Structures are given as C-alpha cells and as structure tokens.
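Residues per chain, in single letters:
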Amino acid sequence: MNKPLTGVRADRKYSYRKLENFASYVREQLKFAPGAAIDPLRLFEDLHEIQISRDNGTTVPLGYGVIGLEDSEGYARYDRERKRIEVLAAQRTYDRLRQGHPRATYFVAPELGHCVLPTEQLIRLAQMPTEQQAAFHRGRNDHKPFEDTEWQANAFASALLMPARGIAALEERRGY
C-alpha cells in the first residue's frame with residue numbers, strides 16, 4: 001500500500017543517489033564524518049555555518065530560530081528581509097531537541113532538506129502572496145514520489161542521518 005504524497009511537485013527530480021551526495025556535502029560542511037552520529041542539537045544550532053549555492057551563482061545563508069507554535073514542530077522558510085533561509089522550531093520541539101528526544105532529533109534533518117534541495121523553489125514560494133501559494137498547493141498529488149518535496153526532504157534526512165558509506169563501513173567492520 002502506497003502512502004499518499006504530502007508535498008508539492010519539486011522543481012527538480014532527485015534520485016536517492018543524488019540526495020546521498022547532497023547529504024554528504026552537508027556533513028562535510030558541518031564536519032561530521034561519514035560514519036559518525038550527528039548531534040541534532042549541534043546540527044540545528046550550527047545551521048548558520050552552511051551557505052547554499054543558488055542557480056545564479058550567489059549564496060544564501062542558513063539560520064535557525066525558536067518560535068511559538070502550537071500546531072507544528074516547525075518549518076523551513078525564506079526570510080525576505082534577512083535574505084536567508086531559516087529552520088524554525090517550536091519551543092516544545094527545541095526543548096525536546098535539547099533532551100535528545102528521537103522525534104525532535106528527526107525534525108531537523110528533513111527541514112534542512114527543504115532548505116538545501118528546492119532552494120529556488122522555497123525562495124520563489126516565499127515571495128508569492130498567500131492566495132497564490134494556496135493555489136500552488138492544490139492538486140499536488142499529480143506527480144511521482146521522487147518529484148515530491150516531502151519525499152525528497154525525508155530521503156535527504158535518511159541519507160544525512162544514516163549515510164550509505166557509513167553503513168557500509170559498519171558492516172565491513174562487523175564482517176556482515
């Protein structure tokens with residue numbers, strides 16, 4: 001049974017292999033070795049260390065923040081005034097992140113995926129009026145999973161948290 005798609009059609013199609021490459025690049029930027037566990041609190045608080053390259057050759061800085069949200073763990077957005085992409089966590093999510101709660105730990109990785117994968121799309125959507133954004137999200141299931149923004153973000157998160165190279169190295173060490 002296939003799960004319904006929950007994102008919108010992404011501007012670009014990404015294979016899992018390509019997403020592994022993106023995740024590897026992010027790990028390198030943040031100085032996480034391929035086989036090392038990621039400290040999710042450090043990942044969240046070090047997002048400002050990452051610069052995202054845009055299609056036009058310029059870069060966009062990342063940032064993070066903690067905000068008051070009741071109905072969501074948080075989200076990624078483009079801040080037009082600061083000209084940066086931010087991952088914003090609800091206060092409750094951030095508190096759980098500091099405690100090492102598994103769900104809060106997972107929150108950071110896909111939101112980071114939303115920042116680094118469809119960068120141009122995220123910026124473009126942020127500049128649309130709310131009504132136009134709502135229209136853009138209607139009829140969003142007319143695409144394949146590898147074209148879906150949520151699938152891409154979750155696949156990126158998996159590759160970031162459990163990179164294939166790291167898993168292969170563990171298997172080799174254990175003789176599997």
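Counting of residues starts from 1 at the beginning of each chain's written sequence and follows it residue by residue. Confidence filtering applies because this is a predicted model: local features only for residues at pLDDT of at least 70, side-chain atom pairs given and counted only at 80 or more, and all residues used for totals across whole chains, interfaces and linings. The side-chain figures draw on all heavy atoms in the structure; neither hydrogens nor water molecules are used.

Q: So what exactly am I meant to see when it comes to the overall build of the chain here?
A: If you tally the helices and strands in the chain, you get 8 helices and 4 strands. A helix here means a DSSP run of H or I that spans at least four residues, while a strand means a run of E at least two residues long, and both kinds are numbered starting from the N terminus. Helices and strands appear in the chain in the N-to-C order α-α-β-β-β-β-α-α-α-α-α-α. Here the chain holds 176 residues, and 40% of them are scored as buried. In short, Shrake-Rupley with a 1.4 Å probe defines the accessible areas, and a residue's cover is counted only from the protein chains shown. Summing over all exposed atoms, the chain offers an accessible surface of approximately 10500 Å²; the carbon and sulfur share of this is 49%. With a 1.4 Å probe rolled over the protein chains alone, any residue whose accessible area is under 20% of its type maximum counts as buried; one over 50% counts as exposed, and the rest are partly exposed.

Q: I would appreciate a short explanation of the packing of aromatic side chains in the present structure.
A: Geometrically, a pair of aromatic rings is defined through the distance of the ring centres and the angle of the planes. Pairing of aromatic rings covers Phe, Tyr and the six-membered ring of Trp, with a centre-to-centre limit of 6.5 Å; geometry is then stacked below 30 degrees between planes, edge-to-face above 60, and tilted otherwise. Taken as a whole and assessed by the stated rule, the structure comprises 3 aromatic pairs. Ring centres of Tyr 14 and Phe 22 lie 5.2 Å apart, and the angle between their planes is 85 degrees; on these two criteria the pair is classed as edge-to-face. The class of Phe 22 is partly exposed, set by a relative accessible area of 23%. Three or more aromatic residues joined by ring pairs make a cluster, and in this case those are Phe 44, Tyr 64 and Tyr 94. For a ring to carry a charge above it, either NZ of a lysine or CZ of an arginine must fall within 6 Å of the ring centroid while also lying within 35 degrees of the normal to the ring plane. Positioned over the ring face of Phe 22 is Lys 18, at 5.5 Å from the centre of the ring. The ring of Phe 32 has Arg 42 sitting right over it, with the charged end atom 4.2 Å from the ring centre.

Q: Can you walk me through the sheet that holds strand β1 (residues 51-53) in this structure?
A: Whether parallel or antiparallel, the strands of a sheet pair through hydrogen bonds between backbone atoms. Should DSSP find at least two bridges between two strands, the strands are regarded as paired. Spatially, β1-β2-β4-β3 is the arrangement adopted by the 4 strands of the open sheet, whose pairing is mixed. Looking along the sheet, the strands with just one partner apiece sit at the ends: β1 and β3 (74-79). Direction aside, neighbouring strands of the sheet carry axes that sit 30 degrees apart on average. Helix α4 (residues 102-116) rests against β1, β2 (59-67), β3 and β4 (84-90) of the sheet, and its axis sits at about 160 degrees to β4. To get an axis, a line is fitted to the C-alpha atoms, and for a helix only the part in contact is used. The angle between two axes follows their N-to-C directions and goes from 0 to 180 degrees. Contacts between residues were defined by any pair of non-hydrogen atoms, one from each residue, lying within 4.5 Å.

Q: Can you help me understand the confidence of the model for the chain in this one?
A: Regions with low pLDDT should not have their predicted coordinates read in detail. Note on scores: pLDDT gives the predictor's confidence for each residue, bounded by 0 and 100. Looking at the chain as a whole, its pLDDT mean stands at 81, while 84% of the residues score no less than 70. Summarising per-element confidence for the chain, the mean pLDDT is lowest in helix α6 (residues 130-137) (56) and highest in helix α3 (residues 91-99) (95).

Q: Could you clarify how one ought to interpret the environment of Tyr 16 in this entry?
A: Position of Tyr 16 relative to the elements: it lies in helix α1 (residues 16-29). Taking the relative accessible area as the measure of exposure, Tyr 16 reaches 36% and is therefore partly exposed. C-alpha of Tyr 16 to C-alpha of Ala 155: the two residues are 139 residues apart in sequence and 6.8 Å apart in space. If sequence neighbours within four positions are ignored, Tyr 16 has contacts with Trp 151, Ala 155, Ser 158 and Ala 159. Within the structure, Tyr 16 has its side chain in polar contact with the backbone nitrogen of Ala 159 (distance 3.4 Å). Counted as a polar contact is a pair of N or O atoms within 3.5 Å, where, for protein atoms, one must be capable of donating a hydrogen and the other of accepting one, and residues adjacent in sequence contribute only when both atoms are in side chains.

Q: What is the right way to look at the pairing of β4 in this model?
A: Counting buried positions over the 7 residues of β4 gives 6, a clear majority of the element. Examined bridge by bridge, β2 and β4 share 6 bridges and lie parallel to one another. Residue pairing for β4: Gly 65 is matched across the bridge by Leu 88. Here β3 runs beside β4; their pairing, made up of 6 bridges, is antiparallel.

Q: I keep staring at the nonpolar core and nothing clicks. Help me out?
A: Proteins that are soluble and globular tend to have nonpolar side chains buried together. Take the buried Ala, Val, Leu, Ile, Met, Phe, Trp, Tyr and Cys residues and link them wherever side-chain atoms come within 4.5 Å; each set so joined is a nonpolar core. Grouped together as the largest cluster of nonpolar side chains are 34 residues, with contacts concentrated most on Leu 112 and Leu 160. Mapped onto this core, the elements with two or more residues apiece are α1, α2 (40-45), β2, β3, β4, α3, α4 and α7 (149-161). The greatest single-element share of this core, amounting to 7 residues, is contributed by α4. If near-sequence neighbours (up to four positions away) are discounted, Leu 112 is found in contact with Val 26, Leu 43, Leu 47, Ile 50, Leu 62, Val 87, Phe 156 and Leu 160.

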